Amino acid sequence: AFALGEASVEMEKMARSMVSSGKVVRSGAALCSCSGQGPQAKPLHARRAVAAAKSRATVAKSLVASNASAKRAGLAPSRRDVAAFAEDEANAPAAPAPSEGPSENAETSLGGGTPVKKTTMLVVGATGTLGRQVVRKALDDGYEVRCLVRPRERPADFLRDWGAIVVNGDLTSPETLPPALVGVHTVIDCATGRPEESVKAVDWEGKVALIQCCQAMKIQKYMFFSILNCDKHPNVPLMSIKYSTEKFLEESGLDYTIIRLCGFMQAVITQYAVPILEEKSVYGTDDQTKIAYMDTTDIARLTLSALKKEDCPSRLTFAGPQAFTIQQVIGLCERYAGADAKVSKVPLWQLTATRVLTSFFQWTVDVTDRMAFAEVLSSNESFVAPMQDTYAELGVDASQITTMEMYLQEYYSTVLKKLKEVGAESRQGDYYL
């Protein structure tokens, strides 16, 4: 970032010196030669050079500020850092105005170059449980979707097959972010760190770098997915970071929408539905915590409905039609699978003791952070929110939202049908996956 900053600052100085020496005249959008010839139309490449130099320098400054502020504060950057960045943006020379106004469905990009369509978006975390549903829904609705995907041995070909554009980038490598944002109107941030990754490196430092890149490149809309009640648990790293990111986004000056979520129905499949079919143990607690799980396809549909609203609120909460305890979820899985679950109950005190033990070792810090989040989900707290006003505001029919019963019934009927076709049998006389 420092190297990029030095080179970009030098380019910006050269561009400004051309302005002051008379080689480039800002006013009147004219170009005067040193030989004294009359004014001519400023070439497009000259306008783009000035705008590009300013954009690269600003991006580099924001990335350096991101790393420095994160190291100083340990988590959230200070208000002074945000204010200083905003002051730099305000004092930057204005870009030349475009010769023609943008079309009805476009916004003007930096330097008055090619207009950016409102239908262009970048989805971060596009291969995840929620991200892929957002990509698919956006493509179905006619958006031009670009997906930020980390380089991998097995590329995300399914995204290309759907019609999306895949670009390589990584939140932990800020220098890879600016190219992915070129020509983008909206960023939808669905990303979160994998279980083996540092929560702070991905969900805080990476998100700060992304938001500051969006500031520098004048992204028109930023949508961020957070966690319900994250502001009530400052001692839980994942929730604290989500809340800090919310505050940082609020102070960024971007047009944003923060969407707080309760839980995904898809998580129930991996944690309970599949193990019960495989006759393996499932883990639960005796608490009465209730979570209003929601199908990610419905979350994607509501997100796109919010994006299309001109007066989209800056904060929304999405919750499923009904909240369930872990015991109730296991009971539903047993009913539709036609099998008894092998439940291993974990007392809450044991979960707390294990988290304290793992906190003593550096190599288990991230495990401890995620166990702290699991502990919150086992503390008799309800993760549920009323949705009628949200449905009405977004113009969504509540009867079209998938319930937990509908979701599990469809899943098990599909799986059991496939298992019957291949003749797989379990020790219980039913079908085994």
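A. Broad picture of helix H10 (residues 296-308). An ideal rise of 1.5 Å per residue puts 18 Å on 13 residues; H10 measures up with 18 Å between its terminal C-alpha atoms. Of all the 13 residues making up H10, 10 are buried; the element is thus mostly covered by neighbouring parts of the structure. Listing the buried residues of H10 in full gives Thr296, Asp298, Ile299, Ala300, Leu302, Thr303, Leu304, Ser305, Ala306 and Leu307.

B. A look at the nonpolar core. Within the largest apolar cluster, 106 residues are counted, with the highest numbers of intra-cluster contacts made by Val145, Phe318, Leu408 and Tyr412. Ranked by residue count, the leading element in this core is helix H7 (residues 199-216), at nine residues. Apart from the residues lying within four places of it in its own chain, the contact partners of Leu408 are Val268, Ile269, Leu332, Cys333 and Tyr336.

C. Quick peek at the state of the cysteines. Within this structure, the stated rule accounts for zero disulfides. In this structure Cys147 is a free cysteine whose sulfur lies 9.6 Å from that of Cys190, the closest cysteine sulfur available. Residue Cys213 stays outside any disulfide, its sulfur separated by 7.0 Å from that of Cys214, the closest cysteine.

D. Region of the structure containing the pairing of strand E5 (residues 120-124). Within E5, five of the five residues are buried, leaving the element largely enclosed by the surrounding structure. The side-chain alternation of E5 yields two buried faces, one formed by Thr120, Leu122 and Val124 and the other by Met121 and Val123. Of the pairings in the sheet, the one linking E5 to strand E6 (residues 144-149) comprises five bridges and is parallel in character. Among the inter-strand pairings, Val124 is bridged to a residue of E6, identified as Leu148. Tracing the backbone out of E5, into helix H4 (residues 131-140) and back to the parallel element E6 gives a crossover that is right-handed. Two elements, E5 and strand E8 (residues 186-189), share four bridges in a ladder whose sense is parallel. Residue pairing for E8: Met121 is matched across the bridge by Thr186.

Rules used in this analysis
- Residues numbered from 1 in each chain as written.
- Predicted model: local features only at pLDDT ≥ 70, side-chain atom pairs only at ≥ 80, totals over all residues.
- Heavy atoms only, no water.
- Helix = DSSP H or I, 4+ residues; strand = E, 2+ residues; numbered from the N terminus.
- Expected span 1.5 Å × (residues − 1).
- Buried < 20%, exposed > 50% of the residue type's maximum accessible area, 1.4 Å probe, protein only.
- Core = buried A, V, L, I, M, F, W, Y, C linked by side-chain atoms within 4.5 Å.
- Contact = heavy atoms within 4.5 Å.
- Disulfide = S-S within 2.5 Å.
- Pairing = 2+ DSSP bridges.
- Right-handed = clockwise from strand over helix to strand, strands pointing away.

From the geometry alone we can't say anything about function, so treat these as descriptive.
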